[in-house]
Amino acid sequence: MDAAQWDERYRASAGGVWATQPPAIVREIAAPLSPGSAIDVATGDGRTALWLAERGWRCTGVDFSSAGLALAAARPGGDAVTWACADVHAWDPGAPVDLVVSCYLHLPDSADAVRRIAEWVTPGGTLLVLGHDVDNIAAGGHGPSNPAILYTPELLRGALDDRFRIERCEQVIRTSEDAELRGGHHAPAIDTLLHAVRVR
Ligand SMILES: C[S@@+](CC[C@H](N)C(=O)[O-])C[C@H]1O[C@@H](n2cnc3c(N)ncnc32)[C@H](O)[C@@H]1O
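Position numbers for residues start from 1 in each chain and track the written sequence from start to end. Residue-level local features of this predicted model are given only where pLDDT is at least 70; pairs of side-chain atoms are given and counted only at 80 or more, and the full residue set underlies all totals for whole chains, interfaces and linings. Hydrogen atoms and water are omitted, and side-chain values are computed over all heavy atoms in the structure.

Looking at an unreviewed UniProt entry, the chain carries the name Methyltransferase domain-containing protein, with the source organism given as Microbacterium testaceum.

Written as structure tokens, this is what we have:
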């Protein structure tokens, strides 16, 4: 989907498309980290950026959908986040940050995109990537059905070089209580998680 199609989806929503809280696994991993600077890549209507800002992170949420960002900025706490309307292929944060999070950004060039956003992590910082696993199609979970844009642990692991220590790179099951969509209570889904720390 291009930016115009995402804009249409956000404009058609009643106040937001995605769940109000970040995915549970993101909360679990990010909660113990000391707040610093952060980027929420493809922030959408802002759930992860807003959650991080509430916890003291200086967070930038970047997305190429201005309609998504308008919803995000209007939510409580929206003033505490810097919103950047840009394509992740072209955007440059200016300086590396302590935490880069990307949730459900699915692109034809996902490995290159992960390689690119990994460069935004400062040495000592954390990279968290979560998305639909290719096995989610057969499992019938909510999400895209084009295998070419879905993740596998191999794909995400292969995007990083030896400057990163991989803490976890694996399939994770997302429960129906942790639905991706706002108000959604759909079947459990299979995601791929990458949690890495940049060591140099
Ligand atoms: C499935 S939504 C996920 C939103 C958010 N990360 C979440 O989990 O709630 C994917 C988001 O990626 C954004 N997106 C897709 N391709 C993009 C690109 N090339 N540059 C910036 N944003 C992009 C879309 O606008 C959309 O908001």
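The helix and strand labels rest on DSSP assignments: H or I over at least four residues marks a helix, E over at least two residues marks a strand, and numbering proceeds from the N terminus. Checked against the element boundaries, Met1 lands in the segment before α1 (3-12). Residues Met1 and Trp18 lie 17 residues apart in sequence; the distance between their C-alpha atoms is 16 Å. Setting aside chain neighbours within four positions, we find Met1 in contact with Trp6, Arg9 and Phe64. Should any heavy atoms of two residues lie within 4.5 Å, those residues are considered in contact.

Being near a molecule or strand, for a residue, means having at least one of its heavy atoms within 4 Å of it. Near the ligand there are 18 residues, and of these Tyr10, Ala42, Arg47, Asp63 and Cys103 occur at the shortest range. Within the backbone of Phe64, one N or O atom sits 3.2 Å away from a nitrogen atom of the ligand. With respect to the ligand, the side chain of Asp87 contributes an N or O atom lying 3.0 Å from a nitrogen atom. Note that accessible areas follow from Shrake-Rupley with a 1.4 Å probe, and for residues the cover is restricted to the protein chains shown. Here the ligand has 590 Å² of accessible area as a free molecule, and 96% of this is covered by the chains. For this scheme, ten residues count as nonpolar: Ala, Val, Leu, Ile, Met, Phe, Trp, Tyr, Cys and Pro. Four count as charged, namely Asp, Glu, Lys and Arg, and the remainder, Gly too, count as polar. Class assignment for the residues of the shell around the ligand results in eleven nonpolar, four polar and three charged. Any N or O atom pair separated by 3.5 Å or less is treated as a polar contact, with the protein-specific requirement of one donor-capable and one acceptor-capable atom, and with residues adjacent in sequence counted only for side-chain atom pairs.

Take helix α3 (residues 47-54) next. Judged by how many residues are buried, α3 sits mostly within the fold: seven of eight residues are covered. When accessible area is computed with a 1.4 Å probe and restricted to protein chains, residues below 20% of their type maximum are described as buried, those above 50% as exposed, and intermediate ones as partly exposed. For α3, the full list of buried residues reads Arg47, Thr48, Ala49, Leu50, Trp51, Leu52 and Ala53. Those residues of α3 hidden inside the fold are in contact with α2 (24-30), β1 (37-41), β2 (58-63), α4 (66-74), β3 (82-85) and β4 (97-103). Following α3 by one or two positions, Gly56 adopts a phi angle in the positive range, close to 100°.

Glancing now at the UniProt feature "domain: Methyltransferase" (unreviewed entry) in the chain. Here the UniProt-annotated "domain: Methyltransferase" (unreviewed entry) positions come out as residues 39-125. The span residues 39-125 shows a helical share of 30% and a strand share of 29%, and its end C-alpha atoms are spaced 11 Å apart. UniProt positions are given in the numbering used here, feature names are shortened, and annotations may be inferred rather than shown by experiment.

A few words now on unusual backbone geometry. Where the residue is not glycine, phi is negative for most of them; where a peptide bond is considered, it is trans in most cases. Even without a glycine there, the phi angle at Ala42 is positive, about 55°. Checked against the element boundaries, Ala42 lands in the loop between β1 and α3. A positive phi is found at Tyr104, a non-glycine position, where the angle reads about 60°. If you trace the backbone, Tyr104 turns up in the loop between β4 and α5 (110-118).

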